[in-house]
Amino acid sequence: MFEIGKSAEERRREKERKKRGSRKYGQASFKHSRMGVVSCINGFGGLLILAGCITGAFIARGNAPGIIGGLAILSLVLAINGIRLAIRGFYERERNYLTCKIGLPVSSVTLIVFFALFIGGL
């Protein structure tokens, strides 16, 4: 288990071989960042909820019930949480950061659209 008989050079070579993995050209495959995946879910969820609220208010011709306002606030919370999680996802070591790179702008767009609607009064 501890392989006491190996020299430092053999251990270093074995460590390099494990690090390279079994992929073509010696590149190890990285898993997606966990926080990035959750960030994507939060960002797209907030965007869908906000789009649903806008559609519901448009169909009701401005006389939408209070639940639509509550759902819009929920989309704001999801967008802020998505940005926070995307930033934290970049700190994970040896991960694929594609989901963080997708979750951050989607959450930011959701936040910008929410504030544009809120401040503009559309």
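For the structure itself, look to the data block above.
This one's a predicted model, so the numbers in the text were calculated from it and none came from an experiment.

Next up on the list: the side chain of Thr99. Its place among the elements puts Thr99 in helix H4 (residues 98-120). Every residue in contact with Thr99, bar those within four places of it in the chain, is listed here: His32, Ser33, Gly36, Val37 and Cys40.

What follows is about H4. One full turn of an α-helix is made of 3.6 residues, so residues set three or four places apart face in the same direction. Over its 23 residues, H4 extends 33 Å from the first C-alpha to the last, a length consistent with the 33 Å expected when each residue adds 1.5 Å. In this structure, the buried side of H4 is in contact with helix H2 (34-59) and helix H3 (66-89). Within two residues after H4, Gly121 carries a phi angle of roughly 70 degrees, on the positive side.

Moving on, we get to H3. Taking 1.5 Å per residue as the helical rise, H3 with its 24 residues ought to reach 34 Å, and the 35 Å between its terminal C-alpha atoms agrees with that figure. For H3, the full list of buried residues reads Ile68, Ala72, Ser75, Leu76, Leu78, Ala79, Gly82, Ile83, Leu85, Ala86 and Gly89. Against H2 and H4 lie the buried residues of H3.

The next point concerns the nonpolar core. If you look at the biggest cluster of nonpolar residues, it comprises nine residues: Leu50, Cys53, Ile68, Ala72, Leu76, Ala79, Ile83, Leu111 and Phe114. Elements with a contribution of two residues or more to this core: H2, H3 and H4. Looking at which element gives the most residues to this core, the answer is H3, with five residues. Beyond its immediate chain neighbours, meaning those up to four positions away, Ala72 contacts Leu50, Cys53 and Phe114.

Attention now moves to the pattern of salt bridges. The final tally for this structure, using the stated rule, is three salt bridges. For Arg12, the salt bridge is made with Glu9, and the minimal N-O distance between the two is 2.5 Å. On the criterion of helical spacing, the pair formed by Arg12 and Glu9 is a turn pair, its members being three residues apart in helix H1 (residues 8-20). The exposure class of Arg12 is partly exposed, given its relative accessible area of 44%. Connected through salt bridges with shared partners, the residues Glu9, Arg12 and Arg13 form a single ionic network.

Here we take up the packing of H3 against H4. Orientation of H3 relative to H4, taken along the N-to-C sense of each, is 150 degrees, at an axis distance of 8 Å. Considering their axes alone, H3 and H4 lie roughly antiparallel with respect to each other. As for the relative orientation of H3 and H4, their crossing is left-handed in sense. Of the residues in H4, those touching H3 at Ala72, Ile73, Ser75, Leu76, Ala79, Ile80, Gly82, Ile83, Ala86, Ile87 and Gly89 are Cys100, Gly103, Leu104, Ser107, Ser108, Thr110, Leu111, Phe114 and Phe115. Of the residues contributing to the contact of H3 with H4, the split by class is 13 nonpolar, seven polar and no charged.

Next up on the list: the packing of aromatic side chains. The tally for this structure, following the rule as stated, stands at three aromatic pairs. Relative to Tyr97, the ring of Phe90 has its centre 5.9 Å away and its plane inclined at 45 degrees; by these criteria the two rings are tilted. Look at Phe90 and you get partly exposed, because its relative accessible area is 35%. On the basis of an interplanar angle of 10 degrees and a centroid distance of 6.0 Å, the ring pair of Phe114 and Phe118 is categorised as stacked. Here Phe114 and its partner Phe118 are both found in helix H4, four residues apart, which amounts to about one turn of the helix.

Conventions and cut-offs
Residues numbered from 1 in each chain as written. Predicted model: local features only at pLDDT ≥ 70, side-chain atom pairs only at ≥ 80, totals over all residues. Heavy atoms only, no water. Helix = DSSP H or I, 4+ residues; strand = E, 2+ residues; numbered from the N terminus. Contact = heavy atoms within 4.5 Å. Expected span 1.5 Å × (residues − 1). Buried < 20%, exposed > 50% of the residue type's maximum accessible area, 1.4 Å probe, protein only. Core = buried A, V, L, I, M, F, W, Y, C linked by side-chain atoms within 4.5 Å. Salt bridge = Lys/Arg side-chain N within 4 Å of Asp/Glu carboxyl O. Axes fitted to C-alpha atoms, helices over the stretch in contact; angles between N-to-C directions. Parallel < 35°, antiparallel > 145°, perpendicular 65-115°, else oblique. Left-handed = near helix turned anticlockwise from the far one by under 90°. Nonpolar A, V, L, I, M, F, W, Y, C, P; charged D, E, K, R; others polar. Phe/Tyr/Trp six-rings, centres within 6.5 Å; stacked < 30°, edge-to-face > 60°.

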